[in-house]
Amino acid sequence: MGLTSETTVYVMAALAAVCVGLLVWSWPRFARQGLRQVFGRLLAIGTTQVVMIAAFACWLNSSYQFFGSWGELFGRVETAPVGVTQAGGGGTGPVNGVAVKGAPVQPAGDEQLSRVSGLPTGPAAVNGRVESVKVIGRRTGVVDPAFVYLPPQYFQKAYQRQRFPVIVALSGYPGSIFNLAQHLRVSQTAGELQKSGRMQPTVMVMIRPTIAPPRDTECVNVPGGPQTETFLAKDLPDALKSAYRVGHDASAWGVMGYSSGGSCALQLAMRDPHVYTTAAALSPDYRVKDDPTTGSLFGSGPDRTERMNGHDLMWRLKHLPVPQVSVLVAESKHGERGYPQTQAFIKAVKAPMRVASILPEHGSHNFPTWVQEMPPALTWMNQQLTFPQDVVPRHHKKGAVVADPPRHGPDPLRADGPEPTRTATTRR
């Protein structure tokens, strides 16, 4: 039985009910006086409580997909096979749009994807498609699951040589790609915005920054440990460019996330502006620090302080050259604890970096708040990203002429509803 399967949830619920029944049935025996009876009562109560908590935890994990397998729960993480070092040669043909063998993007099971509601159905050229894949890091050896939303235009003849802009969406900790698809509704929201003309056709990639579960590595290259920043800033873009028709210039790449995923998005844009030029962060932190879930992220020795400062965004704004990137931060004025820090970050940003904000009066650190912020955040990101002007090489076919695709995407329109507050007036 899989950790996230409904069968596991039902079995644990049934086991909890049996334990409760046995406790009630056997309680008269334990009610007698004596040391054995006292220990019996403690054991019966403790066992029943542990099973009930385990059943609730299984239900919660099945609903939110914190851990995708028993191996992840116990820290046994899949690693890439030794032979997989390069993309391309040796493939056996495409399945669901990606290469099957020897490539850094490979098809994955649809168990999680099948449980997501509201995904596009029918012809891909009309409604788009969401694919379940795994991304294999050539440098880091990381194997990470992902969902990839491809807009309808990706499959249309007029766009068959056109590359598309990309937005990478990151989950919080210990979240999963299921949370991004089901609870944050990344692909569903993007599809609605694109269909209404408020967002240009964009490839949406849903992935988790937790590459070594259950450890929270944030977006840090841990000395002697997981190399999360390298995976997200180098392996992931290279893998996507090898498998999909996406832009090769950084101006077509954005990254977003919620909670610690939002923190990661800001870190990537400010530390790797040659990869991601746009970031949107919903309820982020502005400094990475050690805690019980992370362990030691920065190692020891004389370089520890320098590494810590490098992941403190306020310190970077004060002491390092400001990158030419555009960022959006979202935080509720009442109901979230990070509002003062968000205000301080906004005030600290200076040219050539630009910042916008979504600052609702009320909200909480939860999905209902982030879902409300998603449409204006995606619309804002759409306005920053450049529709790629490069196209894939022309493939001549005997007896057929491949028409040149449109050189520009549709003009984006302003989103209905609240527009992000801009604290800079110039556009790159």
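Use the structure listed above.
Rules used in this analysis
Residues numbered from 1 in each chain as written. Predicted model: local features only at pLDDT ≥ 70, side-chain atom pairs only at ≥ 80, totals over all residues. Heavy atoms only, no water. Helix = DSSP H or I, 4+ residues; strand = E, 2+ residues; numbered from the N terminus. Buried < 20%, exposed > 50% of the residue type's maximum accessible area, 1.4 Å probe, protein only. Contact = heavy atoms within 4.5 Å. Areas by Shrake-Rupley, 256 points an atom, 1.4 Å probe, with all protein chains shown as cover. Core = buried A, V, L, I, M, F, W, Y, C linked by side-chain atoms within 4.5 Å. Axes fitted to C-alpha atoms, helices over the stretch in contact; angles between N-to-C directions. Parallel < 35°, antiparallel > 145°, perpendicular 65-115°, else oblique. Left-handed = near helix turned anticlockwise from the far one by under 90°. Nonpolar A, V, L, I, M, F, W, Y, C, P; charged D, E, K, R; others polar. Disulfide = S-S within 2.5 Å. Expected span 1.5 Å × (residues − 1). Pairing = 2+ DSSP bridges. Phe/Tyr/Trp six-rings, centres within 6.5 Å; stacked < 30°, edge-to-face > 60°. Lys NZ or Arg CZ within 6 Å of the ring centre and 35° of its normal.

Helix and strand counts for the protein chain come out as twelve helices and twelve strands. Within the protein chain, buried positions represent 50% of all 428 residues. In the protein chain, the share of contacts with a sequence separation of at least 24, taken over all contacts with a separation of at least 6, comes to 73%. Roughly 20100 Å² of accessible area belongs to the protein chain as shown, and the carbon and sulfur atoms make up 57% of that amount.

A few words on the nonpolar core. By size, the foremost hydrophobic cluster in this structure holds 52 residues, and its most contacted members are Val 168 and Phe 345. Residues Val 186, Leu 193, Ala 356 and Leu 378 belong to the second largest nonpolar core, which totals 35 residues.

Contact pair helix H6 (residues 186–195) / helix H12 (residues 367–384): the axes reach a minimum separation of 10 Å and the direction vectors enclose 60°. As far as their axial angle goes, H12 and H6 are oblique. Pair H6 / H12 crosses with right-handed handedness. Contacts between H6 and H12 pair Val 186, Thr 189, Ala 190 and Leu 193 from the former with Met 374, Pro 375, Leu 378 and Thr 379 from the latter. Residues of the contact of H6 with H12, tallied by class, amount to six nonpolar, two polar and no charged.

Two cysteines joined by a covalent bond between their sulfur atoms form a disulfide. If you walk through the whole model with that rule in mind, you get one disulfide. A sulfur-sulfur distance of 1.5 Å marks the disulfide that ties Cys 219 to Cys 264. Of the two residues, Cys 219 is situated in the loop between strand E7 (203–207) and helix H7 (228–243) and Cys 264 in helix H8 (residues 260–271); the sequence distance between them amounts to 45 residues. Comparing Cys 219 with Cys 264, the two get one shared label, buried.

As a further point, take H7. Relative to the 22 Å expected for 16 residues at 1.5 Å per residue, H7 spans 21 Å between its end C-alpha atoms, a close match to the ideal helical length. Along H7, the positions that sit buried rather than exposed are Thr 228, Glu 229, Thr 230, Phe 231, Leu 232, Ala 233, Asp 235, Leu 236, Pro 237, Ala 239 and Leu 240.

This paragraph deals with the pairing of E7. With five of its five residues buried, E7 lies for the most part within the structure. Across the two faces of E7 the burial is the same, with Val 203, Val 205 and Ile 207 and Met 204 and Met 206 all buried. Note that strand E5 (residues 143–150) and E7 share four bridges and pair antiparallel. Paired with Val 148 across the strands is Val 205, a residue of E7. Where strand E6 (residues 166–170) lies against E7, five bridges are found, and the strand directions are parallel. Counterpart to Leu 170 in the pairing with E7 is Ile 207.

What follows concerns the packing of H7 against H8. H8 packs onto H7 with a crossing angle of 65° between their chain directions and a minimal axis gap of 11 Å. Comparing their axes, H8 and H7 come out roughly perpendicular. Where H7 crosses over H8, the two elements pack in a sense that is right-handed. Judged by residue contacts, Glu 229, Leu 232 and Ala 233 of H7 engage Cys 264, Leu 268 and Arg 271 from H8. Classifying every residue of the contact of H7 with H8 gives four nonpolar, no polar and two charged.

Time to look at the environment of Val 148. Tracing the chain through its elements places Val 148 in strand E5. Residue classification places Val 148 among the buried residues on the basis of a relative accessible area of 1%. Once the C-alpha coordinates of Val 148 and Tyr 244 are considered, the two residues, 96 residues apart in sequence, prove to be 9.8 Å apart. Non-local contacts of Val 148, meaning those with residues more than four positions away in its chain, are made with Arg 129, Val 130, Glu 131, Val 133, Val 203, Met 204, Val 205 and Tyr 244.

Looking now at the packing of aromatic side chains. The geometry of an aromatic ring pair is captured by two quantities: the separation of the ring centres and the angle between the planes. Considering all chains together, one arrives at ten aromatic pairs under this definition. When the ring of Tyr 159 is compared with that of Phe 164, the centres are 6.0 Å apart and the planes differ by 25°; the resulting orientation is stacked. On the accessibility criterion, Phe 164 (0% relative accessible area) is buried. An aromatic cluster is defined as three or more aromatic residues linked by ring pairs; in this entry it consists of Tyr 154, Phe 155, Tyr 159, Phe 164, Tyr 244 and Phe 387. One residue, Arg 115, lies across the ring of Phe 178, its end atom 5.4 Å from the ring centre. If you follow Arg 245 out to its NZ or CZ, it ends over the ring of Tyr 154, 4.2 Å from the centre.

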